[in-house]
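Fold and geometry: a report
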Amino acid sequence: MNQFLVYTVVLLLLVVIIGYFNEKVTGFTYEISLMLFSIIISMALLFVNSVVCSVSVVEILNNCHKINLEAFLMDGVLLLFTANRSRT
């Protein structure tokens, strides 16, 4: 249970830091900053995983070919933009 509490606190701290950075520096809307920072964090975690677990970057990139980028963009990112557009 203590491990869960530590992970929760770290996650909330990361959210607060990213929100503060977005508010003061970038000024993106919340939806765009969510997508942008989630991609940045995912890439950082992939890099750390490849360094710590000694998995080559080529193997990680080969696994990334399984991701359907077109479906991700059409279903995920454009949905965020349309939701943001309909509020204004």
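Residues numbered from 1 in each chain as written. Predicted model: local features only at pLDDT ≥ 70, side-chain atom pairs only at ≥ 80, totals over all residues. Heavy atoms only, no water.

Here we look at the overall build of the protein chain
- The helix and strand tally for the protein chain stands at four helices and zero strands.
- Here the protein chain, with 88 residues, has 10% of them falling under the buried criterion.
- About 7600 Å² of surface is accessible on the protein chain, with carbon and sulfur atoms providing 74% of the total. (Helix = DSSP H or I, 4+ residues; strand = E, 2+ residues; numbered from the N terminus. Buried < 20%, exposed > 50% of the residue type's maximum accessible area, 1.4 Å probe, protein only. Areas by Shrake-Rupley, 256 points an atom, 1.4 Å probe, with all protein chains shown as cover.)

Quick look at the packing of helix α1 (residues 2-26) against helix α2 (residues 30-52)
- Contact geometry for α1 and α2: axes closest at 11 Å, N-to-C directions at 125 degrees. Taken together, the axes of α1 and α2 lie oblique to each other. In the crossing of α1 with α2, the sense of the turn from one axis to the other is right-handed. Contacts from Leu14, Ile18, Phe21, Asn22 and Glu23 of α1 reach α2 at Tyr30, Ser33, Phe37 and Ile41. (Axes fitted to C-alpha atoms, helices over the stretch in contact; angles between N-to-C directions. Parallel < 35°, antiparallel > 145°, perpendicular 65-115°, else oblique. Left-handed = near helix turned anticlockwise from the far one by under 90°. Contact = heavy atoms within 4.5 Å.)

A closer look at a nonpolar patch on the surface
- A grouping of Ile39, Met43, Leu46, Leu69, Phe72 and Leu73 is seen on the molecular surface, where their side chains present a nonpolar patch of about 540 Å² in accessible area.
- Looking at the nonpolar patch, the elements with two or more residues in it are α2 and α4 (69-87).
- Tracing the backbone shows methionine 43 in helix α2. (Patch = residues over 30% accessible without salt bridge, like charges linked within 9 Å, V, L, I, M, F, W, Y side chains within 5 Å. Salt bridge = Lys/Arg side-chain N within 4 Å of Asp/Glu carboxyl O.)

A short note on the packing of aromatic side chains
- Going through the model one piece at a time under the given rule, you end up with one aromatic pair.
- Ring centres 5.9 Å apart and planes at 70 degrees place the aromatic pair phenylalanine 21 and phenylalanine 37 in the edge-to-face group. Note that phenylalanine 21 is positioned in helix α1 and phenylalanine 37 in helix α2, a separation of 16 residues in sequence.
- The class of phenylalanine 21 is partly exposed, set by a relative accessible area of 37%. (Phe/Tyr/Trp six-rings, centres within 6.5 Å; stacked < 30°, edge-to-face > 60°.)

Things to note about α1
- Given a rise of 1.5 Å per residue, 25 residues ought to cover 36 Å, and the 35 Å separating the end C-alpha atoms of α1 matches this to within 8%.
- Little of α1 sits out of view: just one of its 25 residues are buried.
- Just beyond α1, the residue with positive phi is glycine 27, at close to 75 degrees. (Expected span 1.5 Å × (residues − 1).)

A few points about the side chain of serine 33
- You can see serine 33 is positioned in helix α2.
- In this structure the side chain of serine 33 is engaged in a polar contact, spanning 3.0 Å, whose partner is the backbone oxygen of tyrosine 30.
- Discounting chain neighbours no more than four positions away, the residues touching serine 33 are Asn22, Phe28 and Ser38. (Polar contact = N/O pair within 3.5 Å; in protein donor to acceptor, adjacent residues only side chain to side chain.)

None of this, on its own, says anything about what the molecule does.
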